[in-house]
Amino acid sequence: MATLDFSFYTWANISNYLLSGLYFSVSLTIAATIGGIALGTVIALMRLSNVKPLEYIATWYVNVFRSVPLVMVILWFFLLVPSGFYDLFPGGSGQKYRAEICALITFIVFEAAFFSEIVRAGIQSLPRGQTNAGQALGMTYAQNMRYIILPQAIRNMLPVFLTQTIVLFQDTSLVYAIGAYDILKGFEIMGNTFGRRIETYLLAAVVYFIISFFLSMLVKKLNQKIRIVR
């Protein structure tokens, strides 16, 4: 430990190597959370529907993506999707940001499987009387879900959503496999530049811990407030 040197850890180096990576990691986390919840809600409703084909497709989707490592899904999408797909983006941005686009799509598709199970559990945890009350008011199935069931289920599942978001943020480090410039990549480049790889990886662990710990405390406080409302 006496040989460790953190003198290179200056604001100038943080700005040059880490801020853009942190911005990408946070942006990917937020975008993947929003997209994952939206797609996951659709999948959850498909699993709860009485339409057997939709139920089978949704069940297959969830079981497949929950049974394979995320890094494998990232590599599959990055290597197997034809390059012509990225040509669809305007101004050649698709090829320029191929790794970033791949990471975003992969995380949304992958996380949707987990968010769908959270939403499904939230819906099933509500008393059957909630659904019956909506039907008694003459609401359709879609109106019942939109105005009565989903708002309550999502409110109850907010702590679980945030917990999954913490896991998602930690998983963003896996985009190193396709060369995307996340915060871990920034630490790696800074460590190689100054010949201080041990120090930079230690600092990376501290940054991930601080962000995850802060979010965990937020989840704890939110869970306490939701219990009071109940």
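Just so you know, these numbers come straight off a predicted model, no measurement behind them.

**Q** Please clarify how helix 1 (residues 11–48) should be interpreted in this entry.
**A** For an α-helix, 3.6 residues make a turn, and residues three or four places apart therefore share a direction. An ideal rise of 1.5 Å per residue puts 56 Å on 38 residues; helix 1 measures up with 51 Å between its terminal C-alpha atoms. Of all the bends in helix 1, the greatest measures close to 50° and is centred on Leu-18.

**Q** Help me out: how do you make sense of the pattern of salt bridges in this one?
**A** Close approach of charged atoms lets side chains of opposite charge pair. Tallying each qualifying case throughout the model produces six salt bridges. Between Glu-55 and Lys-52 there is a salt bridge; the shortest N-O distance is 3.5 Å. On the criterion of helical spacing, the pair formed by Glu-55 and Lys-52 is a turn pair, its members being three residues apart in helix 2 (residues 52–65). Of the charged contacts, one joins Arg-66 and Glu-117 as a salt bridge, the two residues approaching to 3.5 Å between their closest N and O atoms. Of this pair, Arg-66 sits in the loop between helix 2 and helix 3 (70–80) while Glu-117 sits in helix 5 (residues 98–125), and the two are 51 residues apart along the sequence. Glu-117 sits in the buried class, given a relative accessible area of 17%. One connected set of salt bridges, linked through shared partners, spans Arg-47, Arg-66, Glu-117 and Arg-120.

What counts as what
- Residues numbered from 1 in each chain as written.
- Predicted model: local features only at pLDDT ≥ 70, side-chain atom pairs only at ≥ 80, totals over all residues.
- Heavy atoms only, no water.
- Helix = DSSP H or I, 4+ residues; strand = E, 2+ residues; numbered from the N terminus.
- Expected span 1.5 Å × (residues − 1).
- Bend = angle between axes of the 7 residues up to and from the residue.
- Salt bridge = Lys/Arg side-chain N within 4 Å of Asp/Glu carboxyl O.
- Buried < 20%, exposed > 50% of the residue type's maximum accessible area, 1.4 Å probe, protein only.

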